[in-house]
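Next come the chains, spelled out residue by residue.
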Amino acid sequence: MNRDEFQQQIKSAFTDFSAIFFQQIERYRNFLQAYNQHTNLTRLATDDKIYGDYFYDSIIPYQKVQFKTTNSLLDIGSGSGIPGVVLLLLYPHLQLTIIESNRKKVKFLFALMDELKINFQILPIRAELIPDDLRDTFDLVTSRAVAPLKIILELSAPYCKVGGLIIEPKSQNAPNELNEAAPIIEALNIKLLDTLNFCSANNHTHHVFIFQKELITNRKYPRKWTEIIDEK
């Protein structure tokens, strides 16, 4: 996907986004490519890969979100900024918090914040070590390619406020992941609102699970990491 194709797709999928979005995306792309030359952040280094597999694929799952009524966004395991930073560039009113425990990527995120002259909060912690003041607070919690659904939901739900959304893009194994996650979905007091499909830049079909939190999450969640991954 080249720059023109990316711009056309974004204009078609999103409405009322920031007037300087495409300028900021260009700065993001240039900075990412330059940084990647001395610090390995992503294998998606060419223009087409960054526009398509990186930027486009990271935010197209959110095209149905009503961002006018969404204020706080948590991106768990954002890596080098997707989807959180790209969504913030689309809708600068968002109060973005990123959880990222990889020091190399945290350093990049601080540099990116300075480069783009934007502000967001970076928490260099593991997601299961949730600070008490962040429980049940975010309008929207999401992640990209972090963990199987049953794991990422346990990490995400405690951060989401009652009535808020948890959005998890998944690939072709999505139906199996949803079946495996059934017990934890019930335990977390969340419900599946919708399942959307989208076509990625390389024409692969992906699925997007949209959950809503119905009740405050039991404080036993998230459990210790060893307990989460050891569960059969």
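Up top you'll find the structure we're talking about.
Everything numeric here is computed off the predicted structure, so don't read it as measured data.

Describing the overall build of the chain
Phase 1: Each helix and strand in the chain was counted, giving nine helices and seven strands.
Phase 2: Judged by the C-alpha coordinates and their principal axes, the chain covers about 45 × 35 × 35 Å.
Phase 3: Residue burial in the chain is summarised as follows: out of 232 residues, 53% are buried.
Phase 4: Of the roughly 11,200 Å² that the chain leaves accessible, carbon and sulfur atoms contribute 47%.
Phase 5: Distance from the positive charge centre (26 side chains) to the negative charge centre (27 side chains) of the chain: 3 Å.

A look at the pattern of salt bridges
Side chains that differ in charge, positive against negative, can pair when their charged atoms come close.
Phase 1: Taken as a whole and assessed by the stated rule, the structure comprises 13 salt bridges.
Phase 2: Put simply, Arg-27 and Glu-115 hold a salt bridge, and the shortest N to O gap is 4.0 Å. Taken together, the positions of Arg-27 in helix α2 (residues 21-36) and Glu-115 in helix α5 (residues 103-116) put the pair 88 residues apart, joining distant regions of the chain.
Phase 3: According to the relative accessible area criterion, Arg-27 is partly exposed, its value standing at 32%.
Phase 4: Among the residues examined, Glu-115 registers a relative accessible area of 28% and is labelled partly exposed.
Phase 5: Asp-53 serves as the salt-bridge partner of Lys-49, at 3.2 Å between the closest nitrogen and oxygen. Note that Lys-49 and Asp-53 are positioned in helix α3 (residues 47-59) at a spacing of four residues, about one turn of the helix.
Phase 6: Residue classification places Lys-49 among the partly exposed residues on the basis of a relative accessible area of 38%.
Phase 7: On the basis of relative accessibility, which here comes to 13%, the residue Asp-53 falls in the buried class.

The rules we used
- Residues numbered from 1 in each chain as written.
- Predicted model: local features only at pLDDT ≥ 70, side-chain atom pairs only at ≥ 80, totals over all residues.
- Heavy atoms only, no water.
- Helix = DSSP H or I, 4+ residues; strand = E, 2+ residues; numbered from the N terminus.
- Buried < 20%, exposed > 50% of the residue type's maximum accessible area, 1.4 Å probe, protein only.
- Areas by Shrake-Rupley, 256 points an atom, 1.4 Å probe, with all protein chains shown as cover.
- Lys, Arg positive; Asp, Glu negative; His and termini not counted.
- Charge placed at Lys NZ, Arg CZ, Asp CG, Glu CD.
- Salt bridge = Lys/Arg side-chain N within 4 Å of Asp/Glu carboxyl O.

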